[in-house]
Amino acid sequence: MEDSSAKPAHAAPTCFFVTDGNAYVPTRLTQGPWGPSISGNYIGGLLARAVEQEVDDADMQPARLTVDLLRPVALQPLQMHSSVVREGRRLRAVDAVMTQNDVVVARASALFLRRSEHAVDTVWTSPISMPSVPAEPDALADDVPMVLHSFGRDPVAGSPGVGVTEWRHHGQKFVWLRETKLLVDDEPLSPFTRAVMAGDVTSSLTHWGTEGLQFINADYTVTLSRLPQGVYIGLASMTHYSHAGVATGVATLFDDKGPIGSGMATALANPGFTPPPSIVLG
């Protein structure tokens, strides 16, 4: 018999979701910054996991995932459903939906492409370099869901936590981040799921202006030319365009070896964002 008194009464969860039959029960760490609902990066992570489980061919590269955030997802059990909608020799298209109380709250479409040899060629791309991956924090509280280091005002040293001050300027913005918890039960995070969860930060990074974050994203897309290596994912803001309360932003995704793909987020004007304390100071 286990001695429950040996454990803290409010010990931090080790994962964001716990399975219960066919349901995924969110732990308290999943709450997002916009109210009592699940953060978009964990929604995207579950959808990425669902589509990835539909593809058992190691030569198929997950090349694109689009996440539609249709409704606020309550901090309550939810269900996942996925299916292959097109299977060919060189591509596989997979859809996934997330439901809560039999209502679709989020969905995703994914494209997997077969890896192959290709001719060495020089194709133009926008030159960009990331700040160095930051040093690991000396100490980290158990309830911190991610390590996050922002760059902008100071493009070399940056600051730990979300870019409350670093991103409030007219220049380019950067971030390095890594998850500190598992997504589901005791399953290791796959490189694809890790990249998709980081891709949700595209919206905050690209839509953060001199007055703070005035937009909330309705969707986001991650495209990958290769899977990330290591635990840190970096993002560099590339574009932001907005008009009449509608915005779109694009970021380049990195690992510590170099660029791996892109993130894109569309958003609606929604002032009043307050970042959660757990990711402000890293």
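The structure displayed is predicted, hence computed values, not measured ones. (Residues numbered from 1 in each chain as written. Predicted model: local features only at pLDDT ≥ 70, side-chain atom pairs only at ≥ 80, totals over all residues. Heavy atoms only, no water.)

A. Representation of the environment of Asp57 in the model. Mapped onto the elements of the fold, Asp57 is located in the loop between helix H1 (40-52) and strand S3 (60-69). Within the structure, the side chain of Asp57 is placed 3.0 Å from the backbone nitrogen of Asp59, a separation counted as a polar contact. (Helix = DSSP H or I, 4+ residues; strand = E, 2+ residues; numbered from the N terminus. Polar contact = N/O pair within 3.5 Å; in protein donor to acceptor, adjacent residues only side chain to side chain.)

B. Region of interest: the environment of Phe16. Secondary-structure assignment places Phe16 in strand S1 (residues 15-20). Judged by its relative accessible area of 0%, Phe16 falls in the buried class. As a C-alpha pair, Phe16 and Asp142 span 126 residues in sequence and 13 Å in three-dimensional space. Excluding its chain neighbours within four sequence positions, the residues that come into contact with Phe16 are Val25, Pro26, Thr27, Leu29, Thr30, Tyr42, Pro145, Glu179, Lys181, Leu182, Leu183 and Met197. (Buried < 20%, exposed > 50% of the residue type's maximum accessible area, 1.4 Å probe, protein only. Contact = heavy atoms within 4.5 Å.)

C. Here's a closer look at the UniProt feature "domain: Acyl-CoA thioesterase-like N-terminal HotDog" (unreviewed entry) in the protein chain. In this numbering, the UniProt entry assigns the feature "domain: Acyl-CoA thioesterase-like N-terminal HotDog" (unreviewed entry) to residues 32-112. Secondary structure across residues 32-112 comprises 16% helix and 48% strand; the distance between its end C-alpha atoms is 29 Å. (UniProt positions renumbered as here; feature names shortened; annotations may be inferred.)

D. Structural context of the domain arrangement of the protein chain. Domain assignment breaks the protein chain into domain 1 (12-115) and domain 2 (146-179 + 190-281). Computed over C-alpha atoms, the centres of domain 1 and domain 2 are 20 Å apart. Contacts between the two partners involve 23 residues from domain 1 and, on the opposite side, 26 residues from domain 2. Between domain 1 and domain 2, roughly 1,900 Å² of surface is buried when both sides are summed, and carbon and sulfur atoms account for 62% of that area. At the surface where domain 1 touches domain 2, the tally comes to 0 salt bridges. Seen at the junction of domain 1 and domain 2, the total is 7 residue pairs in polar contact (both at pLDDT 80 or more). Elements that contribute at least two residues to the side of domain 1 that touches domain 2 include exactly H1 and S3. For the side of domain 1 that touches domain 2, the per-class residue count stands at 11 nonpolar, 7 polar and 5 charged. (Domains from an automatic or database assignment. Buried area = accessible area lost by both parts, 1.4 Å probe. Salt bridge = Lys/Arg side-chain N within 4 Å of Asp/Glu carboxyl O. Nonpolar A, V, L, I, M, F, W, Y, C, P; charged D, E, K, R; others polar.)

E. A look at the pairing of strand S14 (residues 233-243). Pairing geometry for strand S9 (residues 174-179) and S14, over 4 bridges, is antiparallel. Bridging from a neighbouring strand, Val175 pairs with Leu235 of S14. As defined by bridge partners, S14 adjoins strand S15 (residues 246-255) across 9 bridges and the pair is classed as antiparallel. In the sheet register, Gly234 faces S15, and the bridge partner there is Phe254. (Pairing = 2+ DSSP bridges.)

F. Just the sheet that holds strand S2 (residues 23-26), in detail. Across the sheet, which stays open at both edges, the 3 strands sit in the order S2-S1-S10 with mixed pairing between neighbours. Edge positions in the open sheet fall to S2 and strand S10 (182-184), since each of these has one partner strand only. With direction set aside, neighbouring strand axes in the sheet form an average angle of 30°. Together, S1, S2 and S10 form the strand contacts of H1, whose direction differs from that of S10 by roughly 60°. (Axes fitted to C-alpha atoms, helices over the stretch in contact; angles between N-to-C directions.)

G. Representation of the nonpolar core. Among the nonpolar cores identified, the biggest contains 55 residues, and Phe17, Leu46, Leu47, Leu65, Leu78 and Met98 are the most heavily contacted of them. The biggest single contributor to this core is H1, with 7 residues. Summarising the domain contributions, this core has at least three residues from each of domain 1 (12-115) and domain 2 (146-179 + 190-281). With residues up to four places along the chain from it excluded, the contact list for Leu78 reads Phe17, Asn22, Ala23, Tyr24, Ile38, Leu46, Val73, Met98, Thr99 and Gln100. Residues Val147, Phe151, Phe174 and Ala236 belong to the second largest nonpolar core, which totals 8 residues. (Core = buried A, V, L, I, M, F, W, Y, C linked by side-chain atoms within 4.5 Å.)

H. Structural context of the side chain of Gln61. Here Gln61 shows up in strand S3. Apart from residues no more than four positions distant in its own chain, Gln61 is found in contact with Leu111, Phe112, Leu113, Arg115, Leu224, Ser225, Arg226 and Leu227.

I. View of the side chain of Glu179. Tracing the backbone shows Glu179 in strand S9. No salt bridge forms around the buried Glu179; measuring N to O, its nearest opposite-charge neighbour Arg194 is 6.8 Å away. Sequence-distant contacts of Glu179, that is, excluding residues within four places in its chain, are made with Phe16, Asn41, Tyr42, Pro145, Met146, Leu189, Arg194 and Met197. (Lys, Arg positive; Asp, Glu negative; His and termini not counted.)

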